[in-house]
Amino acid sequence: MIQGIFYARFLPQEGTKIVAQSPPGCIVATTYTPHLKPPLVDFDIIQEYIIPRKAFFNRFMTVNSPDNKYSILGFPVSIQDVRYHRNEFLFNFGLVVESDVDLVPYEKLVRRLAVTFAEMERQQWYLSSDGRVDDGRRPIESLLEIVKEDLNNYGECMIPVDDANTLNMKLFPFHPPPAPVRGWHVPVPKMKLADIVDPTWDLTLQKIIPHIDGVNDVRRIAWLADVSLPLTQIALQHLLYYDTVLLLDMFFFGSCYAPRPGIHDFIANRECVIDECAGYVCISPPVPGGSNTSTTGAPSDNNKDTVDTVEIAHQQQEQQVSNYQLIKLMTTFCAGRSVMEWIKLHQDAGFNVLQHVDVRRLVQFGVIQGLLYRVHKYVVSKQYLEVLATGRRVIRADSDEEDVLLRYADGCHCFDQIITEQNVTDGEIMKKLRSLEPGDRTVFYR
């Protein structure tokens, strides 16, 4: 949010002066607003950056206040012309925002203000006239106030300055470039995309959205939607750019997961995260006879069904997974233990995980909440690393199967990629690796 907006210029006799500001007193205190709050920044300290040295003119500038609470964004402008005193006119339009907000969206606003008023000054002497010409133009103070209020309330403004000029600006949120979408990623929707899609959307998006369910990987989505893999990846990047999906790894019972430092928040049940986890991962079987229950006075058979239903519901509540058990499940993941081994560990301890918990959802919840991370499996070949170092060719006609695996044996390609691109299982990859030259391959986790 914009905390303040100002217009400053350099006067030969007075130096840097704040000509207009909104709200009043946000940069410098005024004589007619003594009851207002003190200025947001100390003008005496920052004034040399409001109208800086000539090397910084016509450039975007950002200055933080001494207490690092606010950032002042400006674009100092110098207009050279013989009609001005000292043959130049120096001014700056600036915004004051909190220093912890993203400054990228506001940069274009400051540039637009500076460029627009610089052009109006060249054409009509709008800024240098100081209101001496009464031609129906809005005063600069009212313009700044409207700009600030409209941008804060609506994110855009369209203000007529005079009969020939209109100030149009829009505050666009800044989204960082999306991460690359790979064929082995699993997109998880953060909203109900099917409810917001309409016929005007891209055809590829319309075809792939029904298959984005948090289970299908990108390659399978492309196959189900009958869309090429590159087009599917581009479409998912658009959804990722607008923060409507997030990407996870494929889930296998042979995969390994390990806890992150955020597991401490889960143990402490901060913000009731365990209750949220229980509602997402616990399996609650349907109550038999639920459709035959009645809440009104009825014959004895109906009353018996009601009593039985209450007893079954009470038993299910007693069988509900406790917070302690959920914490134990989440904290027993480790780098050297696969999900299948993790399940067997708890079954040997007397807790049937598959009967009470959706394991895929539990892992998915842990990864999304930053409690777990996936430990990927890689393979390294000494022979292939030697080939990369010496530049010797690897393709050999007598061993096509080995050459295919060698392409992934540099320690940079996880097994998920091999599974997706070669359409093989983890077990088949390990079987092929064992059949190749012994002692050359090393499989590691990271």
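Everything numeric here is computed off the predicted structure, so don't read it as measured data.

Colleague: Give a description of the side chain of Thr16 that names residues and reports values.
Modeller: By secondary structure assignment, the location of Thr16 is in strand β2 (residues 15–22). Taking relative accessible area as the criterion, Thr16 reaches 15% and is therefore assigned buried. Not counting residues within four places of it along the chain, the set of residues in contact with Thr16 comprises Arg9, Phe10, Phe43, Gln47, Ile50 and Ile51.

Colleague: Give me the environment of Glu149: which residues, what numbers.
Modeller: Here Glu149 shows up in helix α3 (residues 140–154). C-alpha separation for the pair Glu149 and Pro23, spaced 126 residues apart in sequence, amounts to 9.8 Å. At 3.3 Å, the side chain of Glu149 forms a polar contact with the side chain of Lys148.

Colleague: Give a detailed account of helix α1 (residues 43–50), specifying residues and quantitative values.
Modeller: Of the positions making up α1, those classed as buried are Phe43, Ile46 and Ile50. For α1, the buried positions fall inside an angular range of 80° around the axis, keeping them on one side. Summarising the geometry of α1, the exposed residues directed more than 90 degrees from the buried face are Asp44 and Glu48. On the buried face of α1, the contacting elements are β1 (2–11), β2, β4 (70–74) and β6 (88–98). You can read the cap of α1 off the contacts: a side-chain oxygen lies 3.2 Å from the backbone nitrogen of Asp44, and it is on Asp42.

Colleague: Can you break down the sheet that holds strand β13 (residues 377–381) residue by residue, with the values?
Modeller: A sheet is described by the order of its strands in space; here three strands give the open sequence β14-β13-β15, paired in antiparallel fashion. Either end of the sheet is taken by a strand with one partner, and the two such strands are β14 (410–414) and β15 (441–445). Each strand axis lies, on average, 30° off the axis of its neighbour in the sheet, ignoring direction. Pairing of β13 with β15 involves five bridges; the strand directions are antiparallel. Looking across to β15, one finds that Val380 is bridged to Thr442. Those strands touched by helix α17 (residues 415–422) are β13, β14 and β15, and its axis lies near 65° from that of β14.

Each value, and the rule that gives it
- Residues numbered from 1 in each chain as written.
- Predicted model: local features only at pLDDT ≥ 70, side-chain atom pairs only at ≥ 80, totals over all residues.
- Heavy atoms only, no water.
- Helix = DSSP H or I, 4+ residues; strand = E, 2+ residues; numbered from the N terminus.
- Buried < 20%, exposed > 50% of the residue type's maximum accessible area, 1.4 Å probe, protein only.
- Contact = heavy atoms within 4.5 Å.
- Polar contact = N/O pair within 3.5 Å; in protein donor to acceptor, adjacent residues only side chain to side chain.
- Arc of directions from axis to C-beta.
- Pairing = 2+ DSSP bridges.
- Axes fitted to C-alpha atoms, helices over the stretch in contact; angles between N-to-C directions.

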